[in-house]
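Spelled out, the chains give:
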Amino acid sequence: MKQKLMSGMRPTGKLHLGHYIGVLSNWVSLQKDYDCFYGVADLHALTTKYDNTEDLQQNIIDVVLDWLSCGIDPKESTIYVQSQIPQVCQLHVLLSMITPQNWVERDPTLKDMAKILKNKSENTSSVSYGLMGYPVLMTTDILIFNAQYVPVGIDQVAHIEITRDIARRFNNLYNTDFFIEPKPLLTHVPMLLGVDGQKMGKSFNNDIKISDDEKTTEEKILKAITDPNRMRKSDCGNVENCQVAFKYYEAFAKDNQELLNQVKEECHSAQIGCRDCKKRLACLINEKFAPIRQKRTELSSNIDELKQIIDEGNKKVQIENQKVLDKVNEIMHMYK
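This section reports on the structure supplied with the text. Keep in mind that what you see is a predicted model, and the values were worked out from it rather than measured.

### Structural notes on the pattern of salt bridges
Move 1: Counting across every chain of the model gives 15 salt bridges.
Move 2: Linking Lys 4 and Glu 320 is a salt bridge whose minimum nitrogen-to-oxygen distance equals 2.5 Å. Taken as a pair, Lys 4 in strand 1 (residues 4-9) and Glu 320 in helix 14 (residues 303-331) lie far apart in primary sequence, 316 residues in all.
Move 3: Between Lys 220 and Asp 212 there is a salt bridge; the shortest N-O distance is 2.8 Å. Assigned by exposure class, Lys 220 and Asp 212 land together as buried.

Right, dumping it as structure tokens:
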């Protein structure tokens, strides 16, 4: 029997190349070896966007479209929407009762999210009770499956620690070994920066969407920063100083060492200008994503089939999660 793995994403819009490199390509490979559950975390989206939900349903559809087009196979992995799983909400309440307040307050992700919200608004009430409970809800997402693994980047390992702490506290409080302390399944993929050299994100207007057309992709790639010391085409460059464009080459041509060597040599000897180099990069990325974009277009023409995949996933997850919830209720001596 395969070991269980759980992961998810907040639906905040169409996914970008950073999602593909850092998450989706890894998810696709993991589904061969694990019993994978991939959730659209729409409740988590409400922790910071509770006052802006007009696009939430479309965002959920867009996320699932991107997942499927990139290779997540509903025959191998289970796709579901978090808010459609009542067992998540029930377990969240139970785990909230046993989680010390200071554990929640020290969570690094919560601190970052609260800081962003406070910077956007002078109203301190913009940090909601729901946001404060984010670490416990995240823990619930994992423990409701009693999953053995959660795929994360090296910089996200701390996020899993509170889940392990809460699982251990539950087991100690009720003298049981029911909850597995999940382990992070590390992905050693470096973060793909936005074209401006900052963290890639929709809100920063520096991302390249998986679903962008060829022209849009090229236009965005041409804005990507290169070696800041190379002022003219005739200047010799250094790819080590090219923190965006060459990093994209390394991400999307990692198996083509000949091309990487060529890019280095042409840059170092000023054989090619940065603009022409980035045009070639745009062609490389467009070629890579052509079949993915074609599949996304095909899937978009039959949203009913996509919703059926979600509905079937929701039903499967509800049955799976109810088994865990029933056992938790029994251990906690809840009324039945």
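### Quick notes on the packing of aromatic side chains
Move 1: Counting across every chain of the model gives 11 aromatic pairs.
Move 2: Relative to Phe 289, the ring of Tyr 20 has its centre 5.0 Å away and its plane inclined at 70 degrees; by these criteria the two rings are edge-to-face. Residue Tyr 20 is located in helix 1 (residues 17-30), and its partner Phe 289 is located in helix 13 (residues 274-300); the two are separated by 269 residues in the primary sequence.
Move 3: Here Phe 289 falls in the buried class, since its relative accessible area comes to 0%.
Move 4: A centroid spacing of 5.7 Å and a plane angle of 70 degrees characterise the contact between Tyr 34 and Tyr 149, whose relative ring orientation is edge-to-face. Highlighted residues: Tyr 34 in the loop between helix 1 and strand 2 (35-40) and Tyr 149 in strand 4 (residues 149-153), separated in sequence by 115 residues.

### Examining the pairing of strand 2
Every regular strand shows the same layout, with side chains that alternate between the two sheet faces.
Move 1: Among the 6 residues of strand 2, 5 are classified as buried, and the element is accordingly described as predominantly covered.
Move 2: Sheet topology note: the strand 1/strand 2 ladder contains 6 bridges and is parallel. Within the sheet, the bridge partner assigned to Met 9 lies in strand 2 and is Val 40.

### Describing unusual backbone geometry
Move 1: The phi dihedral of Asn 146 is positive, around 50 degrees, even though this residue is not glycine.
Move 2: Relative to the assigned elements, Asn 146 resides in the loop between helix 8 (134-143) and strand 4.
Move 3: Notably, Asn 175 is not glycine yet its phi reads approximately 50 degrees, a positive angle.
Move 4: Along the polypeptide, Asn 175 turns up in the loop between helix 9 (157-173) and strand 5 (183-187).
Move 5: Look at Asn 175 and you get exposed, because its relative accessible area is 74%.

### A word on the nonpolar core
It is characteristic of soluble globular proteins that their nonpolar side chains tend to be buried jointly.
Move 1: If you look at the biggest cluster of nonpolar residues, it comprises 60 residues, and the most contacted ones within it are Tyr 20, Leu 24, Trp 67, Ile 210, Tyr 248, Tyr 249 and Phe 252.
Move 2: Considering each element in turn, this core owes the most residues, 9 residues, to helix 3 (residues 56-70).
Move 3: Setting aside anything within four residues of it in sequence, one finds Tyr 20 in contact with Ser 25, Cys 70, Ile 210, Phe 252, Lys 288, Phe 289 and Ile 292.
Move 4: With 40 residues, the next largest nonpolar core counts Met 6, Phe 37, Leu 131 and Phe 170 among its residues.

### Digging into the environment of Ile 61
Move 1: With respect to the secondary-structure elements, Ile 61 resides in helix 3.
Move 2: Among the residues examined, Ile 61 registers a relative accessible area of 11% and is labelled buried.
Move 3: When residues no more than four places from it in sequence are discounted, the contact partners of Ile 61 are Ile 303, Leu 306 and Lys 307.

### Describing helix 14
Move 1: With 29 residues, helix 14 should reach 42 Å at 1.5 Å per residue; the first-to-last C-alpha distance of 42 Å fits that figure.
Move 2: Looking at helix 14, one finds that the buried residues are Leu 306, Ile 309, Ile 310, Gly 313, Asn 314, Val 317, Glu 320, Asn 321, Val 324, Leu 325, Val 328 and Ile 331.
Move 3: Downstream of helix 14 by a residue or two, His 333 has a phi angle that is positive, lying close to 60 degrees.

### Side note on the packing of helix 3 against helix 14
Move 1: The N-to-C vectors of helix 3 and helix 14 enclose an angle of 90 degrees; their axes lie 11 Å apart at closest approach. Judged by the angle between their axes, helix 3 and helix 14 are roughly perpendicular. Across the interface between the two elements, Ile 61, Val 64, Leu 65 and Leu 68 of helix 3 pack against Ile 303, Leu 306, Lys 307, Ile 309 and Ile 310 of helix 14.
Move 2: Tallied by class, the residues present in the contact of helix 3 with helix 14 amount to 8 nonpolar, no polar and 1 charged.

Cut-offs used in this document
Residues numbered from 1 in each chain as written. Predicted model: local features only at pLDDT ≥ 70, side-chain atom pairs only at ≥ 80, totals over all residues. Heavy atoms only, no water. Salt bridge = Lys/Arg side-chain N within 4 Å of Asp/Glu carboxyl O. Helix = DSSP H or I, 4+ residues; strand = E, 2+ residues; numbered from the N terminus. Buried < 20%, exposed > 50% of the residue type's maximum accessible area, 1.4 Å probe, protein only. Phe/Tyr/Trp six-rings, centres within 6.5 Å; stacked < 30°, edge-to-face > 60°. Pairing = 2+ DSSP bridges. Core = buried A, V, L, I, M, F, W, Y, C linked by side-chain atoms within 4.5 Å. Contact = heavy atoms within 4.5 Å. Expected span 1.5 Å × (residues − 1). Axes fitted to C-alpha atoms, helices over the stretch in contact; angles between N-to-C directions. Parallel < 35°, antiparallel > 145°, perpendicular 65-115°, else oblique. Nonpolar A, V, L, I, M, F, W, Y, C, P; charged D, E, K, R; others polar.

Function-wise, these values are silent; they only describe arrangement.
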